[in-house]
Amino acid sequence: MGDADAPVTVVEYASVTCPHCATFHQEIFPEIKANYIETGKVRFIFREFPTAPANLSVAGSMLARCAAEKRGDDAYFVILGALFQSQRTWIYGESPRDELLKIASQAGMSSEDFDACVKRQDLLDLINENINEGSEKYGINSTPSFVVEGQTRHFSNAEDFSKALDEALEKKTDGGADSE
């Protein structure tokens with residue numbers, strides 16, 4: 001999400017079944033999106049890092065990826081938002097599949113599309129690659145975790161996140177001035 005040429009890149013490792021991730025996306029992310037992503041300062045990349053119940057986390061992540069293939073990158077974040085917003089309902093409800101299908105339908109996915117999506121080995125392999133990269137390259141072991149310009153960070157509020165982004169932007173600006 002955001003300008004591919006933005007001066008700062010943030011990678012979030014998160015799980016659609018993680019309550020702390022849901023809180024981040026509902027309470028902190030909108031401010032970060034408005035102030036940094038939509039202004040072209042930050043490119044934001046979401047990487048799946050499934051947590052318990054892992055089967056539901058993986059299924060939700062796969063649905064977001066299938067939605068993006070069907071409707072474009074924005075659909076990915078629409079599905080992620082819906083998964084975070086209704087997390088308790090689809091994880092702990094009587095029929096997680098039915099609840100996930102309701103969410104998938106927001107991206108125009110049918111029941112058949114849903115079933116085909118969650119059976120895709122290529123998506124499972126991609127999610128496992130994200131897990132391995134996060135663990136091995138960045139030491140990710142909890143969610144949500146953020147990699148800001150290559151440095152693994154954890155934030156509990158928008159103020160701390162903004163401060164880290166401002167510092168990263170300042171380094172980019174200072175670094176650019178020094179090299180000219």
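Residues numbered from 1 in each chain as written. Predicted model: local features only at pLDDT ≥ 70, side-chain atom pairs only at ≥ 80, totals over all residues. Heavy atoms only, no water.

**Considering the packing of aromatic side chains**
Then comes step 1: Following the criterion strictly, the structure yields 12 aromatic pairs and no others.
Then comes step 2: With centroids separated by 4.8 Å and ring planes inclined at 55°, the aromatic side chains of Phe29 and Phe44 adopt a geometry described as tilted. Of the two residues, Phe29 is situated in helix H1 (residues 19–37) and Phe44 in strand E2 (residues 42–48); the sequence distance between them amounts to 15 residues.
Then comes step 3: Of the residues examined, Phe29 reaches a relative accessible area of 8% and is grouped as buried.
Then comes step 4: Between Phe146 and Phe155, the ring centres sit 5.6 Å apart and the planes meet at 50°, which makes this aromatic pair tilted.
Then comes step 5: Look at Phe146 and you get buried, because its relative accessible area is 0%.
Then comes step 6: Grouped by ring-pair contacts, the aromatic residues Phe24, Phe29, Phe44, Phe146, Phe155 and Phe161 constitute a single cluster. (Phe/Tyr/Trp six-rings, centres within 6.5 Å; stacked < 30°, edge-to-face > 60°. Helix = DSSP H or I, 4+ residues; strand = E, 2+ residues; numbered from the N terminus. Buried < 20%, exposed > 50% of the residue type's maximum accessible area, 1.4 Å probe, protein only.)

**Details of the side chain of Glu48**
Then comes step 1: With respect to the helices and strands, the residue Glu48 is situated in strand E2.
Then comes step 2: For Glu48, a relative accessible area of 1% corresponds to the buried category.
Then comes step 3: Within the structure, the side chain of Glu48 is placed 2.7 Å from the side chain of Arg65, a separation counted as a polar contact.
Then comes step 4: Within the local environment of Glu48, its side chain forms a polar contact with the side chain of Asn130, the two groups lying 2.6 Å apart.
Then comes step 5: With residues up to four places along the chain from it excluded, the contact list for Glu48 reads Ala14, Ser61, Arg65, Tyr76, Ile127, Asn130 and Ile131. (Polar contact = N/O pair within 3.5 Å; in protein donor to acceptor, adjacent residues only side chain to side chain. Contact = heavy atoms within 4.5 Å.)

**Structural notes on the state of the cysteines**
Then comes step 1: Counted according to the given criterion, the structure contains one disulfide.
Then comes step 2: Paired by a disulfide, Cys66 and Cys117 hold their sulfur atoms 2.1 Å apart. An S-S torsion of about 100° defines the bridge between Cys66 and Cys117 as right-handed. Linking Cys66 in helix H2 (residues 54–71) with Cys117 in helix H6 (residues 111–117), this pair joins segments that are 51 residues apart in sequence. As far as burial versus exposure is concerned, Cys66 and Cys117 are alike and both buried. (Disulfide = S-S within 2.5 Å.)

**Quick word on H2**
Then comes step 1: With 18 residues, H2 extends 25 Å between its outermost C-alpha atoms, agreeing within 8% with the 26 Å of an ideal straight helix rising 1.5 Å per residue.
Then comes step 2: Every buried residue belonging to H2 is among Leu56, Ser57, Val58, Ala59, Gly60, Ser61, Met62, Leu63, Ala64, Cys66, Ala67 and Ala68, and all of these are buried.
Then comes step 3: Where H2 is buried, its residues contact E2, helix H3 (73–85), helix H4 (87–92), helix H5 (96–105), H6 and helix H7 (121–138).
Then comes step 4: Looking one or two places after H2, you find Gly72, whose phi comes out positive at around 100°. (Expected span 1.5 Å × (residues − 1).)

**So, the packing of H2 against H3**
Then comes step 1: Where H2 meets H3, the closest approach of the two axes is 6 Å, and the angle between their N-to-C directions is 150°. If you check the angle between H2 and H3, you find them roughly antiparallel. Between H2 and H3 lies a crossing of right-handed hand. For the pair H2 and H3, contact is made by Gly60, Leu63, Ala64, Arg65, Ala67, Ala68 and Arg71 and by Asp73, Ala75, Tyr76, Ile79, Leu80 and Leu83, respectively.
Then comes step 2: Residue classes in the contact of H2 with H3 are distributed as nine nonpolar, one polar and three charged. (Axes fitted to C-alpha atoms, helices over the stretch in contact; angles between N-to-C directions. Parallel < 35°, antiparallel > 145°, perpendicular 65-115°, else oblique. Left-handed = near helix turned anticlockwise from the far one by under 90°. Nonpolar A, V, L, I, M, F, W, Y, C, P; charged D, E, K, R; others polar.)

**So, the nonpolar core**
Then comes step 1: Core analysis: the biggest nonpolar cluster contains 54 residues, and Val8, Val10, Leu80, Trp90, Leu100, Phe161 and Leu165 have the highest contact counts within it.
Then comes step 2: It is H2 that contributes the most residues to this core, nine residues altogether.
Then comes step 3: Each residue touching Trp90, except ones within four places of it in the same chain, is listed here: Val16, Thr17, Leu56, Leu83, Pro96, Glu99, Leu100 and Ile103. (Core = buried A, V, L, I, M, F, W, Y, C linked by side-chain atoms within 4.5 Å.)

**Looking at unusual backbone geometry**
Then comes step 1: Residue Pro53 is reached from Ala52 by a cis peptide bond, and omega for that bond is -15°.
Then comes step 2: Mapped onto the elements of the fold, Pro53 is located in the loop between E2 and H2.
Then comes step 3: The linkage connecting Thr143 with the following residue, Pro144, adopts the cis geometry, with an omega of -10°.
Then comes step 4: For Pro144, the location among the structural elements is in the loop between H7 and strand E3 (145–148).
Then comes step 5: Of note in the backbone geometry, Glu149 takes a positive phi value of approximately 50° without being a glycine.
Then comes step 6: Note that Glu149 resides in the loop between E3 and strand E4 (151–153).

Keep in mind that these numbers describe shape and distance, not what the molecule does.
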